[in-house]
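Structure assessment
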Amino acid sequence: MPVPLIACPVCGKSALRQTMVVTDANYIREIPAFVIRRCADCGTSAMDPMPTAVEAGQIYVSENVFSQPRVFPNVGLRLSRILEPLWAKFGKDLRFVVKLCARFSARRNTLSVLDIGCSTGGLLATFEELEPSFRLTGVDIDPNSKLQGFPSIADSIQIGDVRTMQFGKRFDIITMRTVIEHLTEIMPYLDHVVGLMKDDGILFLATPDIASARARQLGATWKLINDTAQKTGHVLWFDRASLRKLAAHLGLEVAYLGNRGEAFEHFPRWLRRAMAAAFGRDPHQGRIIRWYVPRLVYSLVFDGLLSERLGWGDVMYAILRKPRTTVRALSGP
Ligand SMILES: [Zn+2]
């Protein structure tokens with residue numbers, strides 16, 4: 001059974017304030033509704049009641065929610081056959097993540113990468129494409145991740161809980177792309193992950209920003225809190241300040257923190273109204289622009305390239321560095 005939230009999952013303090021009520025929760029059957037409470041000390045927001053780790057695991061292992069292949073609603077137009085790969089390349093965040101990791105790595109070549117929550121290996125395949133010298137390992141608890149994984153990556157994917165795995169080495173880069181918001185026991189989990197990092201190594205995190213323009217405008221209807229059409233599995237939410245505090249609790253330094261994602265809520269209200277009146281909305285997801293191909297072009301330009309430049313969007317991207325623990329000898333043999 002889900003357990004009442006009595007202490008902050010990050011800092012352990014008990015000063016929690018209710019900030020939101022979610023009535024038609026699409027999480028697990030045992031949680032038909034929940035509230036979000038925010039820690040007055042570190043700013044982390046958490047689901048109350050909190051599912052147990054076993055209950056949370058249902059979504060990934062038995063329901064395979066995150067290994068389902070993405071289906072483009074290809075309408076058979078030649079234009080969409082050209083645009084979809086372009087969108088996958090520049091509208092999605094995978095290339096952005098790989099370049100960010102390479103930019104902030106202390107060394108350049110033959111780095112070891114561990115992608116935790118790798119799903120079918122999309123991020124690892126992008127590493128393989130852009131940084132062919134990197135040695136790649138993926139971990140996911142969903143067996144489908146390996147079975148349906150990218151052909152060149154599937155052999156590098158291990159199925160199970162990273163905390164019970166033996167790698168025989170530590171890693172230069174560990175990536176957790178939209179993973180930490182799913183963790184019911186975040187601190188023991190991340191403490192273990194930090195133990196897998198090399199000194200001077202980096203931990204990449206991407207996680208929804210509950211203080212973003214989109215989150216503030218949509219409230220409990222923000223799909224990264226609760227999506228009635230598709231399970232998100234989220235139990236924790238951060239903003240820039242609370243993500244910095246999380247890094248401090250883990251003994252990591254913040255080397256980079258920025259946003260990327262949907263640009264629409266950053267436009268002034270008059271422009272949003274004019275756009276909605278002129279272009280309508282996607283009937284399934286409520287995104288701006290009714291028509292598929294123009295929406296693809298819009299998303300590529302605004303949600304991808306522009307928001308990346310301006311730091312807009314409702315997802316945060318962070319690079320956390322593990323400080324060196326040993327003092328380098330100034331002289332010696
Ligand atoms: Zn806290």
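Quantities reported herein were computed from a predicted structural model and do not represent experimental measurements.

Attention now goes to the overall build of the protein. Looking only at helices and strands, one finds ten helices and eleven strands in the protein. For 333 residues, the compact-globule formula gives about 20 Å, and the C-alpha radius of gyration of the protein, at 20 Å, lands near that figure. Seen through its principal axes, the protein has C-alpha atoms that stretch 75 × 50 × 40 Å. In the protein, once contacts between residues fewer than 6 apart in sequence are set aside, the share between residues at least 24 apart is 70%. Split by element, the accessible area of the protein, about 16000 Å² in all, is 56% carbon and sulfur. Within the protein, one finds 42 positive and 32 negative side-chain charges whose respective centroids are separated by 6 Å.

Grouped burial of nonpolar side chains is what soluble globular proteins tend to show. Counting residues in hydrophobic clusters, the biggest one holds 61 residues, and the most contacted among them are Met176, Ile180, Ile186, Leu190 and Leu246. Counting residues per element, this core draws most heavily on helix 6 (residues 186–195), at six residues. When residues no more than four places from it in sequence are discounted, the contact partners of Ile186 are Pro9, Val10, Ile180, Leu236, Phe238 and Leu246. Phe96, Val98, Cys118 and Phe134 belong to the second largest nonpolar core, which has 26 residues in total.

What follows concerns empty space enclosed by the protein. Under the counting rule described, the total for this entry stands at one cavity of 30 Å³ or more. For the largest cavity, the full set of lining residues is Asn26, Tyr27, Phe34, Met47, Ile225, Asn226, Thr232 and His234. Classifying every residue of the lining of the largest cavity by side-chain character gives four nonpolar, four polar and no charged.

Our focus in this paragraph is the packing of helix 3 (residues 94–104) against helix 4 (residues 122–130). In contact at an axis separation of 9 Å, helix 3 and helix 4 are set at 60 degrees when each is read in the N-to-C sense. For the element pair helix 3 / helix 4, the angle class is oblique. You can see that helix 3 and helix 4 cross each other, and the crossing is right-handed. Here Leu94, Arg95, Val97, Val98, Lys99 and Cys101 of helix 3 come into contact with helix 4, specifically with Gly122, Leu123, Thr126, Phe127, Glu129 and Leu130. In the contact of helix 3 with helix 4, the residues fall into seven nonpolar, two polar and three charged.

To continue, consider the coordination of the zinc ion. Those protein atoms acting as donors to the zinc ion are Cys8 (SG), Cys11 (SG), Cys39 (SG) and Cys42 (SG), and they sit at 2.3 Å. Given four donor atoms and angles of 101 to 118 degrees at the metal, the environment of the zinc ion is assigned as tetrahedral. Donor residues binding the zinc ion come from one chain and are separated in sequence as C-x2-C-x27-C-x2-C. Within this pair, whereas Cys8 is found in the segment before strand 1 (16–22), its partner Cys39 is found in strand 2 (residues 34–39), the two being separated by 31 residues in sequence. Both residues of the pair, Cys8 and Cys39, count as buried.

With that settled, the discussion passes to the sheet that holds strand 9 (residues 236–237). The four strands lie next to each other as 1-2-3-9, forming an open sheet whose pairing is antiparallel. Both edges of this open sheet fall to strand 1 and strand 9, since each of them pairs with a single strand only. Where strand 3 (residues 45–48) lies against strand 9, two bridges are found, and the strand directions are antiparallel. Across the sheet, residue Ser45 finds its bridge partner in strand 9, namely Trp237.

It is worth spelling out unusual backbone geometry at this point. Most peptide bonds are trans, and most residues other than glycine sit at a negative phi. In this chain, Asp48 is followed by Pro49 through a cis amide linkage whose omega measures 5 degrees. Phi angles above zero are rare outside glycine, and Ser119 is one such case at about 50 degrees. By the secondary structure assignment, Ser119 is in the loop between strand 4 (112–116) and helix 4. Positive phi outside glycine occurs at Asp200, with the angle close to 75 degrees. You can see Asp200 is positioned in strand 8 (residues 197–208).

Attention now moves to the sheet that holds strand 10 (residues 253–260). Strand order in the open sheet formed by seven strands is 6-5-4-7-8-11-10, with mixed pairing between adjacent strands. Looking at which strands have only one partner, the edges of the open sheet turn out to be strand 6 (157–159) and strand 10. Geometrically, the sheet is characterised by an average inter-axis angle of 15 degrees between neighbouring strands, direction not taken into account. Bridge count for strand 4 against strand 5 (residues 135–140) is five bridges, and the pairing is parallel. Paired with Val113 across the bridge in strand 5 is Leu136. Sitting on the sheet, helix 4 touches strand 4, strand 5 and strand 7 (171–177), and the angle it makes with strand 5 is about 175 degrees.

What counts as what
- Residues numbered from 1 in each chain as written.
- Predicted model: local features only at pLDDT ≥ 70, side-chain atom pairs only at ≥ 80, totals over all residues.
- Heavy atoms only, no water.
- Helix = DSSP H or I, 4+ residues; strand = E, 2+ residues; numbered from the N terminus.
- Rg over C-alpha atoms; globule rule 2.2 N^0.38 Å.
- Contact = heavy atoms within 4.5 Å.
- Areas by Shrake-Rupley, 256 points an atom, 1.4 Å probe, with all protein chains shown as cover.
- Lys, Arg positive; Asp, Glu negative; His and termini not counted.
- Charge placed at Lys NZ, Arg CZ, Asp CG, Glu CD.
- Core = buried A, V, L, I, M, F, W, Y, C linked by side-chain atoms within 4.5 Å.
- Buried < 20%, exposed > 50% of the residue type's maximum accessible area, 1.4 Å probe, protein only.
- 1 Å grid on protein atoms, 1.4 Å probe; cavity = no way out; pocket = protein on both sides within 12 Å on 5 of 7 lines; lining within 4 Å.
- Points joined across faces, edges and corners; volume = space filled by probe spheres on them.
- Nonpolar A, V, L, I, M, F, W, Y, C, P; charged D, E, K, R; others polar.
- Axes fitted to C-alpha atoms, helices over the stretch in contact; angles between N-to-C directions.
- Parallel < 35°, antiparallel > 145°, perpendicular 65-115°, else oblique.
- Left-handed = near helix turned anticlockwise from the far one by under 90°.
- Donors = N, O, S within 2.8 Å, 3.2 Å for Na, K, Ca; no water.
- Tetrahedral: all angles 85-135°; square planar, octahedral: opposite > 155°, others 65-115°.
- Pairing = 2+ DSSP bridges.

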